Amino acid sequence: MIHIDKALELQQAVEKVRNEGKTIGLVPTMGALHEGHLSLIGRALQQNDTVVVSIFVNPIQFNNKEDLEKYPRTIEADLQLIEQYERDCVDRKAQALYVFTPTVAEMYPQPVTDTYHFGAIEEVMEGPQRPGHFSGVAVVVRRLFDLAQPHRAYFGQKDYQQIAVIRELLRQIKYDIDIVECPIVRADDGLALSSRNARLSAAARQAAPAIYDTLQQAVEMAEYEEVDDVKQWVMETLAAYHQMNPLPDGLCFEPEYFEIVDALTLQPIGQWADASNGAVGCIAVWLDGVRLIDMVRFDETLK
Ligand code: AMP
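Asker: Describe the domain arrangement of the chain, and please don't skip the residues or the numbers.
Answerer: Split into domains, the chain comes out as domain 1 (2-182) and domain 2 (195-302). Here the C-alpha centroids of domain 1 and domain 2 sit 27 Å apart. Between domain 1 and domain 2, the contact holds 23 residues from the first and 20 residues from the second. Both faces combined, the contact of domain 1 with domain 2 buries some 1800 Å², and carbon together with sulfur accounts for 57% of it. Connecting domain 1 to domain 2 are 3 salt bridges. Residues R199 and D67 are paired through a salt bridge, measuring 3.3 Å at the closest nitrogen-oxygen approach. There are 8 residue pairs in polar contact (both at pLDDT 80 or more) connecting domain 1 and domain 2. Broken down by secondary-structure element, the contributors of at least two residues to the side of domain 1 that touches domain 2 are α3 (65-70), α6 (126-129) and α8 (160-173). Examining the composition of the side of domain 1 that touches domain 2, we find that 3 residues originate from one element, α8, more than from any other.

Given below as structure tokens:
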């Protein structure tokens, strides 16, 4: 593992790799790494000659100041985790792994003036809830593409809408980069791993798997219920969870949205048959002051 924190150093390193005709895989992260991130890094190590992992808490994609301030920053532990993971990773092609940890000033030497628009894709789910979020994601991802010059870039399906946004970004800027979608890694109890999980109290962490449990039940319901009924049931079940289950005073799930959309266009569907590319359900839920997201596919039930 080679740790770099200067953009110029990264550019020089990847230029050499490119000149040698070798492939580069990029894994963008915001750190506080867990097995979910490591699964992306593992895929990248298998498929490329060189891997670049970036760790950067991107301020311009946060629309909530408190969320930005409280976002966990554990850079030393992250570096150790990657080093250990790389050492233990036997099934790999990559000979070199760079970890790029720029400061905000290094990433944005000039004030950011670019904005991106993604039309219908960002008018649903996370879009209305987090104004400016996807534009901020696009700015940082494009900057990382420019610096790391990857052939492939790895993204997790946990941030399902983000993948659609990145695909649209690539169409707009006409970069030839393969997007590799990686499945959600979950804890044994089903909770999708997330850096934000570390901020949950013990009681909230214990209750949190109810999100995925509810989503799985929704998938079963899809066999015999209409789309709108499933959506309503998920929202109501989570909102009423604290009335049916023993939770400490004041602790409850506050679902922000649960939407069932076409897997490619991300447009909400009215009937299961409308999802010509398959249907996915995406959810955002507040628990204990932490915003958690998750998703499920309905494809198997609907076959
Ligand atoms: P983040 O550091 O949260 O910005 O995430 C960096 C990348 O890791 C994104 O592409 C995420 O979708 C992905 N990721 C985060 N959590 C998981 C998970 N539990 N399983 C798979 N990928 C994940």
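Asker: Give me the pairing of strand β2 (residues 24-29): which residues, what numbers.
Answerer: Counting buried positions along β2 gives 6 out of 6 residues, so the element sits mostly inside the fold. Burial along β2 is two-sided: I24, L26 and P28 facing one way and G25, V27 and T29 facing the other are all buried. Alignment of β2 against strand β3 (residues 50-55), held across 6 bridges, turns out to be parallel. Considered in β3, the bridge of L26 is made with V52. Between the parallel elements β2 and β3, the chain passes through helix α2 (residues 35-47) in a crossover that is right-handed. Judged from the 2 bridges that link them, β2 and strand β5 (residues 152-156) form a sheet pairing that is parallel.

Asker: Before we move on, can you summarise the pattern of salt bridges with the specific residues and values?
Answerer: Tallying each qualifying case throughout the model produces 18 salt bridges. Here E20 makes a salt bridge to K16, at a shortest N to O gap of 3.6 Å. The exposed category is assigned to K16, whose relative accessible area is 55%. Salt bridges linked by common partners bring E126, R130, E256 and R291 together as one network.

Asker: How would you sum up helix α4 (residues 75-88)? Please name residues and give values.
Answerer: Helix length check: α4, at 14 residues, gives a terminal C-alpha distance of 20 Å against a target of 20 Å (1.5 Å per residue), a fit within 8%. Of all the residues in α4, the buried ones are D78, L79, I82 and E86. Projected onto a plane normal to the axis of α4, the buried residues spread over an arc of 100° and lie on a single side. Exposed side chains of α4 directed beyond 90 degrees from the buried face belong to E76, Q80, R87 and D88. Those residues of α4 that are buried are in contact with β1 (2-4), α2, β3 and β4 (96-100).

Asker: Can you tell me about the side chain of K158, naming the residues and giving the values?
Answerer: Looking at where K158 falls in the secondary structure, it is placed in the loop between β5 and α8. The charged side chain of K158 is buried without a salt bridge, its nearest counter-charge being D159 at 4.5 Å. Excluding anything up to four places from it in sequence, K158 contacts I184, A192, L193, S194, I293 and M295.

What counts, and where the lines are drawn
Residues numbered from 1 in each chain as written. Predicted model: local features only at pLDDT ≥ 70, side-chain atom pairs only at ≥ 80, totals over all residues. Heavy atoms only, no water. Domains from an automatic or database assignment. Contact = heavy atoms within 4.5 Å. Buried area = accessible area lost by both parts, 1.4 Å probe. Salt bridge = Lys/Arg side-chain N within 4 Å of Asp/Glu carboxyl O. Polar contact = N/O pair within 3.5 Å; in protein donor to acceptor, adjacent residues only side chain to side chain. Helix = DSSP H or I, 4+ residues; strand = E, 2+ residues; numbered from the N terminus. Buried < 20%, exposed > 50% of the residue type's maximum accessible area, 1.4 Å probe, protein only. Pairing = 2+ DSSP bridges. Right-handed = clockwise from strand over helix to strand, strands pointing away. Expected span 1.5 Å × (residues − 1). Arc of directions from axis to C-beta. Lys, Arg positive; Asp, Glu negative; His and termini not counted.

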